[in-house]
Structure formats: structure tokens, C-alpha cells
Amino acid sequence: MLKIQPVPSNDHAPEGGRNPVAAFDADLIETVRVNRSAAERRVATLPGRRTVKKQWQAAWLVKAVQCIDLTTLAGDDTPGRVHRLCAKARQPVRQDLLEAMGIGDRGITTGAVCVYHAMVEPAVAALKGTNIPVAAVSTGFPAGLSPLPLRIKEIEASVAAGAREIDIVLNRSHVLTGNYRAVYDEVRAFREACGSAHLKTIIGAGDLGTLTNVARASMACMMAGADFIKTSTGKESVNATLAFALVMVRMIRTWRELTGFKVGFKPAGGISTTKDVMNYQFVMKEELGNDWLEPGLFRIGASSLLTDIERQLDHFVSGGRYSSAHRHPMG
Amino acid sequence: MTSVATILESMEYGPAPESSAPVETWLDKHNRSFDLFIGGEWVAAEAHLDSFNPATGKKLAAISHASSADVDAAVKAARAAQPVWAKIGGAGRARYLYAIARLIQKHSRLFAVLETMDNGKPIRETRDIDVPLAARHFYHHAGWAQLLESEFPDHQPLGVAGQIVPWNFPLLILAWKIAPALAAGNTVVLKPSKETSLSALLFAEICVEARLPKGVVNIVTGPGKVGDAIVRHPDIDKIAFTGSTEVGRGIRMATAGTGKKLTLELGGKSPFVVFEDADLDGAVEGAVDAIWFNQGQVCCAGSRLLVQESVAERFLAKLRARMETLRVGDPLDKVTDIGAIVSMTQRASIDALVKRGVAEGAELFQPKAKCPNGCFYPPTLLTNVESASTVVQEEIFGPVLVAMSFRTPAEAAQLSNNTRYGLAASVWSENINVALDLAPKIKAGVVWVNCTNQFDAAVGFGGYRESGFGREGGREGMFAYLKPKAVKPHAAAPVTPPQEPAIAAIDSVDRTAKLYIGGKQARPDGGYSRAIVSPSGAFVGHVGEGNRKDIRNAVEAAAKAESWANATGHARAQILYYCAENLSARTAEFAQRLRSMTGAGKAAATREVETSIRRLFTYAAWADKYDGLVHNPPLRGVALAMNEPVGVIGIACPDEAPLLAFTSLWAPAVAMGNRVVVLPSEKHPLAATDFYQVLETSDMPGGVVNIVTGPRDVLAQVLAEHRGVEAVWYFGPDRKRIEEAAVDDIKQTWTGEAIDWAGTVGEGREFLRHATQVKNVWIPYGA
């Protein structure tokens, strides 16, 4: 096992402590091997090997709701728009449906609300009285190519505004040029800027060219102290895929085998149906175990997904009537 | 009822059963009792036996126990239908095969559920693998039927094929057997396993639905005795068998000397090789597909794990962790990974071998989750085993993986080949050099690089060594159901009658013909010689009286000359051209020798020498041209069908055309990289012994061609019994004796075909096919 000093945990750290910053280890990155065909075969066959039906499906979908980082990242975001989103985060599923499932008293909310820096303050205000964290995308999102000092300042500003989670983006050029030391140094600096806020590192998997790069970038981020590794900004031409997810969660598993620390995973972009999200849940359960089905270690970056889940839950509660979007409050 | 709140805590999968109702309805429709399918009709049998669902122990239906009269009737029906079926032509047959493919798809779920209930394998596999692949086989072979006349213009169907399929892939292997047989214009009598006959009976209904002409497909059910009746039936032209090596051996014995064509797809103990530079997580998943697919009841299961020592512990730790998430249970549940073992007998046999392994010192690992009671067996990993362990040697045919380590690529090859079997192998490495270096070194018919248990109708499947012979699937598989058109009866290739008075030996100085072993002239071990006389009785010369020890020495020399297999085609061609050149320089002398032995006329003898020279040119030409194929299975990647030499081939030459037949046989074998032990014509051996001087002057490496004279059939039997000889070609009268002698190690034989040596059929691809075996190397890729 690598010798790593644990850091003090905060209230939302996973069991076993928050992933600390470790020393840079080039070997660990260079020896990563990913066979693309084998990875794709695994994710192509997994949906045929696992399924959940009836109340099991309902429960899994409720769990998925709890893991959603309900997101708006648009140029036309306003405090009013964010307010509506936060209201949806507080009550993501109609109360009558929750009650029908016997979980009306569980305080089901989404995992977080995810916004640009400018919307952090309105979001924090709108979520006051809940334990729902606000996540801010940061560090020159989505390309991550603004000057490093500015990127660090941006984190500090968002943390100061009340963001408890920071979704940073990698400078993909460092990955594409094989400069993992630079990846590590930047992420480590981001981690330090975060303080007690959790660091979610977006590797921009769709920009990285190969699954091997996806795996190596993931490893470098975990070394530098990432609390979560995240697939995509949602702005790449290819966003989250099951193959990216598989490769990244296997790195999380390897990291755990090596250090004992648990790092979370967040697929983002393009996950819009219940079928999609359950496949990601199957990957999490099969490759990492039940701990990674919980919001402490699993988040789903999504916006329209929630409506599809609600419709599915409505279908379950109504005993088989297919539902329609307009019957569920919009976020 | 489990509440949503509870599940939110446990995050279990919950049950997801596939309904058995449609199958129950289908069984009820048949009153849970099935007849035989003969001549397009359902024929009642006198006796029945019960078929069970192994997962529940419940009886599913009674199936017929065919009598030998029933088998006879089925063969008669197939025989009657065959000429008509052949006559409608490839394009006509393609329509039927296409219709069958479509019907399998239309009834795909019924097939899948039925197969799961009858066999115990998970619905995930029957639904996603067995049934789609069965349909794919009929589609693919509808294509071969369509192209038959243009792609196989010199071939014709064999006639009636008897096909015996096992219980592990009842429908899929049925498709592997029936599709190519029908495409080629044969008719079939098929016997499914008594454990799993139901999908074959549903298939028979589909044949009716497809309006397949009556008698083209006949299905007879029952125990092994029924298979025996098929194997021994005198009016069957071909036997295709998939099953245990033990039964395969019996079939080989029963068909010896009968002239029945035979393909055997038998057992295996296939290696699963993981190099240190492999994607270990990917390889762990590969191991799951290798040994826990179909409860490990797979002939090509990757049951011997070989991991490079540097990563062995890490890999095994990952594997054990993965085993914990395998779900054993109800095969009809969509979330089941490992279903029921086919029968309690099979389960007991698996358990006995595992217990024996543990008693011999193996360390046993099974996941913590409880395995259901009844006909189930947990995924099992045995470590601390060695090559000598029983569980490493024996095929377990269950969900049991044995693990060993290796140090170098060379050792990986050695351990991989340290088995009597040779069906399949998996090689995991991210280094193309390492993977593609090992693939040809493993003696197996299929090698999967960075994948495992991939099957496709376009890619041949079949084994080396005691895993059997013949290929199923692809172009190579079509030849298992075809024969060359121009096969003439033996009598049609006469020994040239004497036309001139016999001529006495011409050598003024006595030249003593010796044996030729390992590149050296060798005196026979026994110290005896035999006199060779002309047709008129005149003494022509002496040859050594070879015995079994000479054969032993010759085979040893041939085995040592293994590097010939790795020589380039260009290099082999050069030596064959050189042989031709040197023979050409001695045309007159060889013609004279032929005349003195056979009494042939000068012109005929000279013609034989000249044809022999031409033949050497032909195989020199072929040496660098008998290319393999690149198959295109449905994946991102290729399957390389490589033509590999068989190894050491024993060749017994006929008496006719003593120089030409000799040349026509050893040259193609040697051109393809084999080493040969040749027994020349017993009556007229001197042209062959003269030839070793040609070999010596032509730079033929020692041991590649070995010549042993003496009692041909006795020596041929020694070759057929020799376990270091991979194939025997026998062109003499007693094929039964040779084929029986070859049973022990399931040796390939090519016997009894009379060939017009001087004609166009005296050379060409048919010879090269016998001189090679096809290895399919699957290489999925992706940056």
C-alpha cells in the first residue's frame, strides 16, 4: 500500500476519510493498461446481465434521484431560473408518489445543485435550511485554459460564496501531451484552493482520445487529491459513456486497493433516461460495490433525467399506467 | 412484499424471472411426449425416456427412445431425399436455410426459454448467445449454399451425414452441424443428447414450417445407443460428433476402415494466459467469460489460468473479488450468471474432481454467497496446483478454474502446450509482439487475443491433438461436408503393365540402399535387408528391412527438425526447386530405375520422372502461396485463419507410380512446413531410396524427410500408433488397420483414396488442406 497521511474528515467525507493528496508517482500512471475492446464488451453485455424490476426498480430510481447533481449551465441562467431548479432539488419527486412508496418521510432530495459561479449565491440562498450542497463549475469551465492563478482565484471565490463542491476541469492539453506531472500539479493546487470544499475533477473524457488516457488522467487526479472524478463537462462532442465510466471506476478501485481511500465518481452529460442511469448504477455496484450507489460516492450530472425517472416512478405507483412529463413539476 | 424503503437500504437486485409459460404451453400442446422426426413426419417410437429440468428436478416431457429400426428408417429417408436436395442447387437450398434462420429468430424467445429449462444454463446466455448464434449460422450458410457452385466448383456433397450433438449447447451445435451439411447438399440424421433433446424437436417443427423437403433433416432421440446405431450404420457417409474425447475415440474405432468421413470436436483444457502487461481488469472479466460461461461446461472453456508471476497475486486477488459478485441460481432469472449443472451425475463428477484436487494439495476458493441446493455448483478457483496435478490434467467440465504462474513467454508456450488437448487458448497482453508471438506457438485450433469464447459462423472452430479434427464454420468448415468431384475408384489407377522385358540392375558397383533418417543414411536397426525384384522376378537391388525402432528414430529426427515449420515459405520453396533441379539432372537414371522395378516402358518411366519434377515445381510454387484467410466476424477486429503445418506426418506410399506418388505426397507436406516419415512403395522402393541423394544434394535440412523401407503396412501401423506423429496418410489396402491404430491419440488420418497420380487430381489444394490445419486467431482491436 502507498503510504499516505489521512487528512481530517469533514461531514461529507466517505467512510475511511477523505482522499488526501499523495505524492506524484509516474510509474503508477504509465503502467496503466486498458484494452478498449474488452472494456466495450464488458459494458455492452452488462445491461443483459443485470436488471431490476418492480419495487426494486423503483427503489433504485429513487436512489438515482438522490445522486443527481441537478444542473443548469447555460448562458441564460438567472437567479429566477436557479431558484426554480433549487425548489426541484428540494422536492425532486412528487410527495404523493413518495408516500405511495412508503418513503414520504425520508426527505428525498437530489445530491446537489450544480451551477456556474455567478449563480452560487442565489442557489445557496434558495437551498437554505436543507443539507443540499451547491456545486460550482470552476477553473475556466469548460475548456480550462484560462491563466492558472485566475483559475485558482475562481475556486476561492466560489468557496467564499458558499459552494461546498467545486467541479474543476482538467487542462486536457497536459493529458494529450503526456504531461501528467502538470496535470497533477494543477489539480493539487485546486485541491488546496478548495479547502474543505470537495473537489470534483472533470477529465473531459471525450476530448482525451483513448480510454488509456482517460484512465491515466483519472489516476493523476486521484493522486492529486480529487474527491470525485467526473467524466465530462457536458460540452464535449462525446459526454459520459458506459465505457468511460467503466475505465474510471476501475481506476477508483485500483486506487482503493493501493491506498485504502474511496474516491467518488460522477458521469455527466447525455444521461437522460432511466435505462441509461440504471446501467451506470449496475457498473457502480458490479465494479465497486454498494457504497458507490450512495450520493457520498456517486453523482450523476443531469437535468432532463429527473423527469424521466419521475414518470417511471409514477408508472410504478399507478400500477402500470404510463405517465407524462406535464404531470411532474419542472425544474 | 419487500418494501421500497428496505431495498433503498440493501440495494439488492431482486428477482427478475423470465416467464416459462409459453414453453409450458408448447409442451402441453405435445402432451409432454415427443415422437421421432423421420422423413418429415412425426413417427411414434416404442420406448420413451424422461427429460428433466435440472434446475428444478421436474420432468419436462418424455422423449422417444429410437430403436435401430427407427435409425434405419431415418437413414433411408435421408438417403432418399439427398439426390433431390443436391439437385435443387445451391441457390435453391439457400432459400430454405434463409427461411430456417428467419424462423429461429421469429421463435427466438421460445427457443431461449426452452433451452434454459432443458439445460439449466442462464436465460441471459440462451437469449443473447446460443439462439442468435444459431440463427447466424443458418444465415451465413445460406450464403455458402448460394455461392457453392462458384466457390467450390470441384466439390460435391458427401451424401448422408450422421450428426451427434452434446448437451452443453444443444441448439447452437445443432446449427453448427446442420447448416453446413445442408448448404453443401447433404441430408442429415441428427441425434441430440438425451439430456437436452427438446430444442432439436422444436427445430424439427421449424423445418416443417420452412417446408424443408421431407427427409432432408431427421431427428432421432434417445440415449448413447442411438448414436452408436448411427455411427455403425452402413449407409451413412459422414459422422460429425461433438462430445467427450472418450466417446470420440469409440466413434473413431467404430468407423475405422469404413470409408466414413469423420469430424470430431472433443474435449479440452484450454489455457488462459495473462501477461504482466495485460489489462488485468479486462482479463479478469475475460476469465469470467472463459470458465463461468455455461457453468464451465464448455469444451473450449479457459480452464487453465496461467498468469505471469510478477502480477499473479494481484490478478488472483482481483479475480477472487470478482467471483464474489457472480450470482448462482435460477437459470430463468435474468440476473443469474451461473445456472444449474446439466445433471446430478455431472455435478457429482465435478465435485469428485475438485475434492481430488484438494486432496492433492490444491487451495480451494469459493465465494461467500451460498450456492443453492440441488444441481448447482459454485464458481471455484484452485490454486497451489502444478502441471502434475489431476485437476490440471483432466477436463473438469464445470465452473472450476485452476491457476498456475509462468515466468517468460517461452514458458507460457510450454505450459500452454503441456496437455493432450488443443482446442482453444486465450492470450492477454497489450503488447502486440507478445500476443502475436504466442498465438502461433500454442497448439490449438482457436486462439483469442484479449478476448475469449468468441464464436461466429464465419470463423472455423475445431481442435488440434486429442481435441479432435475438422473445422466447423467458415470456408474451412465447408470442406467437412464436401469431397472432391474427381475421385476415381482404386482400380482406375493401374500399375503400368510391363511392356518390355525386364532389365537387370544397371549398377556396376553394388549400391546399397539404406534408410534415410535425420539427414543421414542409416542401416536398419534389425540388420536385415530385403531383395527387390522386377515383375519378371529379376533381382533389382536390396533395401533395408525397417522395423519399429527405425520408425522411432525417424520420428524422433522429424520431431527435432521443428525449425522447418518456422522457415519462410520462400526458403522452403528454394529447397524444393533445388530438389527438382537435381532430380532433373538424373532423369535418365531414375527412369531406368523405374523401368527395372516396374517393367515400365522407357517413355512411361521418363514421363513419371518428368511429372515428379513438375510436381516439385508445383509445391515449390505453393510453398509461399497457400495463404490463410482474414475472416470478418461481427466485431471490430479480425480473425486470422492461419494455415499451420500439422507437425510430423507419417506417409505410406502406394505401389503404383513409385516415384511420382512418393513425390506427390511428401512434397506438399514438406512445402507446408511439416516433417515426414515416408514409407515408400513396398514393392518398388528403390526410386525413393535413390531420392535421398537428391535430398542430400539439395540442402534439405536433416530430419525433414525421413525414409524407412520395409514392410509398409506393419510400419504404417507403428506410425499410426506413435504418439509423436500428428497425422498419417496411408495409401494402401488396409485402411481399417491404420485407422484403428490411430484411435488412441485421435490422430488425423487420410486413407484409402485412389488417386490418378499423373492426372490433375494428383496435386493441388486437396493435398495442401491435408498438410495443414487451420488456426483461427481472433484479434479484436481498438486504440
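Note that the coordinates shown come from a computational prediction; the quantities given were computed from them, not determined experimentally.

Definitions and cut-offs
- Residues numbered from 1 in each chain as written.
- Chains lettered and ligands numbered in written order.
- Predicted model: local features only at pLDDT ≥ 70, side-chain atom pairs only at ≥ 80, totals over all residues.
- Helix = DSSP H or I, 4+ residues; strand = E, 2+ residues; numbered from the N terminus.
- Rg over C-alpha atoms; globule rule 2.2 N^0.38 Å.
- Buried ≥ 20, exposed ≤ 12 C-beta atoms within 10 Å, placed from the backbone.
- Contact = placed C-beta atoms within 7 Å.
- Domains from an automatic or database assignment.
- Pairing = 2+ DSSP bridges.
- Axes fitted to C-alpha atoms, helices over the stretch in contact; angles between N-to-C directions.
- Parallel < 35°, antiparallel > 145°, perpendicular 65-115°, else oblique.
- Left-handed = near helix turned anticlockwise from the far one by under 90°.
- Nonpolar A, V, L, I, M, F, W, Y, C, P; charged D, E, K, R; others polar.
- Core = buried A, V, L, I, M, F, W, Y, C linked by C-beta atoms within 7 Å.
- Expected span 1.5 Å × (residues − 1).
- Right-handed = clockwise from strand over helix to strand, strands pointing away.

### Some details on the overall build of chain B
For chain B, the count of helices and strands is 26 helices and 31 strands. Expected size for 783 residues packed as a compact globule is a radius of gyration near 28 Å; at 28 Å, chain B falls within 12% of this value. In chain B, buried positions account for 59% of the 783 residues. Within chain B, contacts between residues at least 6 apart in sequence are counted, and of these 74% link residues at least 24 apart.

### Brief notes about the overall build of chain A
Each helix and strand counted, chain A has 13 helices and eight strands in total. Expected size for 331 residues packed as a compact globule is a radius of gyration near 20 Å; at 19 Å, chain A falls within 12% of this value. Principal-axis analysis of the C-alpha atoms places the extent of chain A at approximately 55 × 45 × 35 Å. Burial analysis of chain A (331 residues in total) assigns 58% to the buried set.

### Observations regarding the domain arrangement of chain B
By the assigned domains, chain B splits into domain 1 (21-266 + 478-483), domain 2 (270-462) and domain 3 (516-624 + 645-772). Put simply, the middle of domain 2 of chain B and the middle of domain 3 of chain B, counted by C-alpha atoms, are 42 Å apart.

### A short note on unusual backbone geometry
Residue A:P142 follows A:F141 across a cis peptide bond; omega there is 0°. With respect to the helices, strands and loops of the structure, A:P142 is situated in the loop between β3 (134-137) and α7 (148-160). Phi is positive for A:T139, close to 55°, though the residue is something other than glycine. Unlike most non-glycine residues, B:N384 shows phi in positive territory, near 55°. Among the secondary structure elements, B:N384 is positioned in the loop between β14 (380-383) and α14 (390-393). Classification of B:N384 by C-beta neighbours within 10 Å gives partly exposed; the count is 15.

### Topic: the sheet that holds strand β13 (residues 363-365) of chain B
Residue and element names in this part refer to chain B. Spatial strand order, β13-β14-β15-β12-β11-β16-β17-β31-β25-β24: ten strands in an open sheet with mixed pairing. The open sheet is flanked by β13 and β24 (629-631), the only strands paired with a single partner. The average angle at which neighbouring strand axes cross in this sheet is 20°, direction not considered.

### Digging into the packing of helix α2 (residues 36-49) of chain A against helix α11 (residues 280-291) of chain B
The contact between α2(A) and α11(B) brings their axes to 9 Å, and the two run at 50°. With respect to their mutual orientation, α2(A) and α11(B) come out oblique. As α2(A) runs across α11(B), the sense of the crossing is left-handed. Side by side, α2(A) and α11(B) meet where A:A38, A:A39 and A:R42 of the first sit next to B:G282, B:E285 and B:G286 of the second. Residues belonging to the contact of α2(A) with α11(B) are distributed by class as follows: two nonpolar, two polar and two charged.

### Things to note about the interface of chain A and chain B
Each partner contributes residues to the interface: chain A has 30 residues there, and chain B has 32 residues. Considering each element in turn, the side of chain A that touches chain B owes the most residues, eight residues, to α2(A). Per-class residue counts for the side of chain A that touches chain B are eleven nonpolar, eight polar and eleven charged.

### Brief notes about the nonpolar core
Core analysis: the biggest nonpolar cluster contains 200 residues, and A:V113, A:A123, A:V134, A:A220 and A:V247 have the highest contact counts within it. Once you skip the residues sitting within four places of it in the chain, A:V134 turns out to touch A:A112, A:V113, A:V115, A:V120, A:A123, A:V124, A:L127, A:G162, A:A163 and A:R164. Within the second largest apolar cluster, 92 residues are counted, among which are B:L201, B:A204, B:I251 and B:L262.

### Regarding the sheet that holds β3(A)
Residue and element names in this part refer to chain A. Within the open sheet, the eight strands sit side by side as β7-β6-β5-β4-β3-β2-β1-β8. Their pairing is parallel. With partners counted over all chains shown, the strands left at the sheet margins are β7 (264-266) and β8 (300-302), one partner each. Adjacent strand axes in the sheet meet at a mean angle of 25° when their direction is disregarded. As paired strands, β3 and strand β4 (residues 165-169) are joined by three bridges and run parallel to one another. Of the residues in β4, the one forming a bridge with A136 is I166.

### A short note on the packing of α2(A) against helix α11 (residues 242-259) of chain A
Residues and elements named next belong to chain A. Put simply, α2 and α11 touch, their axes get as near as 9 Å, and they point 110° apart. It follows that α2 is roughly perpendicular to α11 by the angle criterion. By crossing handedness, the relation of α2 to α11 is classed as right-handed. Together, A39, E40, R42 and V43 of α2 and L242, A243, L246 and V247 of α11 make up the contact between the two elements.

### Focus on the pairing of strand β22 (residues 529-533) of chain B
The side chains of a regular strand alternate, first on one face of the sheet and then on the other. Residue and element names in this part refer to chain B. With five bridges connecting them, β22 and strand β23 (residues 539-544) associate as antiparallel partners. If you follow I532 over to β23, its bridge partner there is G541. The turn linking β22 back onto β23 is made up of five residues, and G537 within it adopts a positive phi angle of 100°.

### Overview of helix α9 (residues 224-232) of chain B
Taken as a whole, α9(B) has its buried residues at B:V226, B:G227, B:A229, B:I230 and B:V231. Of the surrounding elements, those touching the buried residues of α9(B) are α3 (68-87), β6 (160-164), β7 (187-191), β9 (238-242) and α10 (245-255) of chain B.

### Regarding α11(B)
All names here are of chain B. Look at α11: 16 Å from first C-alpha to last across twelve residues, which is about the 16 Å you get at 1.5 Å a residue. The buried count for α11 comes to twelve of twelve residues, which makes it a mostly enclosed element. Along α11, the positions that sit buried rather than exposed are L280, D281, G282, A283, V284, E285, G286, A287, V288, D289, A290 and I291.

### Structural notes on the environment of B:G248
Residue and element names in this part refer to chain B. Along the chain, G248 turns up in helix α10. The spatial distance from the C-alpha of G248 to the C-alpha of I746 is 8.1 Å, given a sequence separation of 498 residues. Beyond its immediate chain neighbours, meaning those up to four positions away, G248 contacts F241, G243, L264, L266, G468 and I746.

### Comments concerning the environment of B:D28
For B:D28, the location among the structural elements is in helix α2 (residues 21-29). Distance from B:D28 to B:L60, taken between C-alpha atoms, is 9.7 Å for residues 32 residues apart in sequence.

### Things to note about the pairing of strand β2 (residues 112-115) of chain A
Residue and element names in this part refer to chain A. On β2, burial covers both faces: A112 and C114 on one face and V113 and V115 on the other are all buried. Here three bridges tie strand β1 (residues 68-71) to β2, and the two strands are oriented parallel to one another. Its bridge partner being in β2, T71 is matched across the sheet by C114. Pairing between β2 and β3: three bridges, direction parallel. Note on β3: the bridge partner recorded for V115 is A136. Crossover β2 to β3 through helix α6 (residues 120-126) is right-handed.

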